[in-house]
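Next come the chains, spelled out residue by residue.
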Amino acid sequence: MIVDDEEGIRENLFNILKERGYLVCLAKDGEEALMKIRNSSYHCIILDIKLPKIDGITVLKEAKRIDPKVIVIVITGYDLPYLLKEAKNLSAYACLRKPIDIAQLLSLIEEASGYAYQ
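This write-up is about the structure you can find in this document. (Residues numbered from 1 in each chain as written. Predicted model: local features only at pLDDT ≥ 70, side-chain atom pairs only at ≥ 80, totals over all residues. Heavy atoms only, no water.)

1. With respect to the packing of helix α2 (residues 30-39) against helix α3 (residues 56-66)
Phase 1: Where α2 contacts α3, the two axes come as close as 10 Å, and the packing angle between them is 0°. Between α2 and α3, the angle falls in the class roughly parallel. Touching G30, A33, L34, I37 and R38 of α2 are V59, E62, A63 and I66, all from α3. (Axes fitted to C-alpha atoms, helices over the stretch in contact; angles between N-to-C directions. Helix = DSSP H or I, 4+ residues; strand = E, 2+ residues; numbered from the N terminus. Parallel < 35°, antiparallel > 145°, perpendicular 65-115°, else oblique. Contact = heavy atoms within 4.5 Å.)

Here it is as structure tokens:
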């Protein structure tokens, strides 16, 4: 799942991941993400930290409560060290700054996918 309030980022990541054979779901805010997380299971969530309605930290906490093995890669356009530290403390797999380095993101997804099922 890709959770980001910026449509361009959601669509770009969707297209890149879909082209590589991933099944991808989108959410435009924290509220929509939580609804989907509560109703389906996800292997990996790419999660913006600053979201309308419900923030990314809350989404991360709830996603990990529901499924402690879910891989969450946090993305942010803000330089907020305390939020990134909190995300890591809540077991985010990685934190990336926007603009996203696509090669790095793909590498993290592949690495994390192997890690989750060892």
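2. Re the pairing of strand β3 (residues 44-48)
Phase 1: When you tally the buried positions in β3, you get five out of five residues, the bulk of the element.
Phase 2: Neither face of β3 is exposed, since C44, I46 and D48 on one face and I45 and L47 on the opposite face are all buried.
Phase 3: In the sheet, strand β1 (residues 2-3) pairs with β3 via two bridges, with the strands oriented parallel. When the bridges of β3 are listed, V3 appears paired with L47.
Phase 4: The pairing of β3 with strand β4 (residues 71-76) spans five bridges and is classified as parallel. Each residue of the ladder has a partner; that of C44, found in β4, is I71.
Phase 5: Handedness of the crossover joining β3 and β4 through α3: right-handed. (Buried < 20%, exposed > 50% of the residue type's maximum accessible area, 1.4 Å probe, protein only. Pairing = 2+ DSSP bridges. Right-handed = clockwise from strand over helix to strand, strands pointing away.)

3. What about the pairing of β4?
Phase 1: Burial within β4 is extensive, with six of its six residues counted as buried.
Phase 2: Residues I71, I73 and I75 point to one face of β4 and V72, V74 and T76 to the other, with burial holding for every one of them.
Phase 3: In this structure, β4 lies alongside strand β5 (residues 94-97), joined through four bridges in parallel fashion. Bridge pairing in β5 links I75 to L96.

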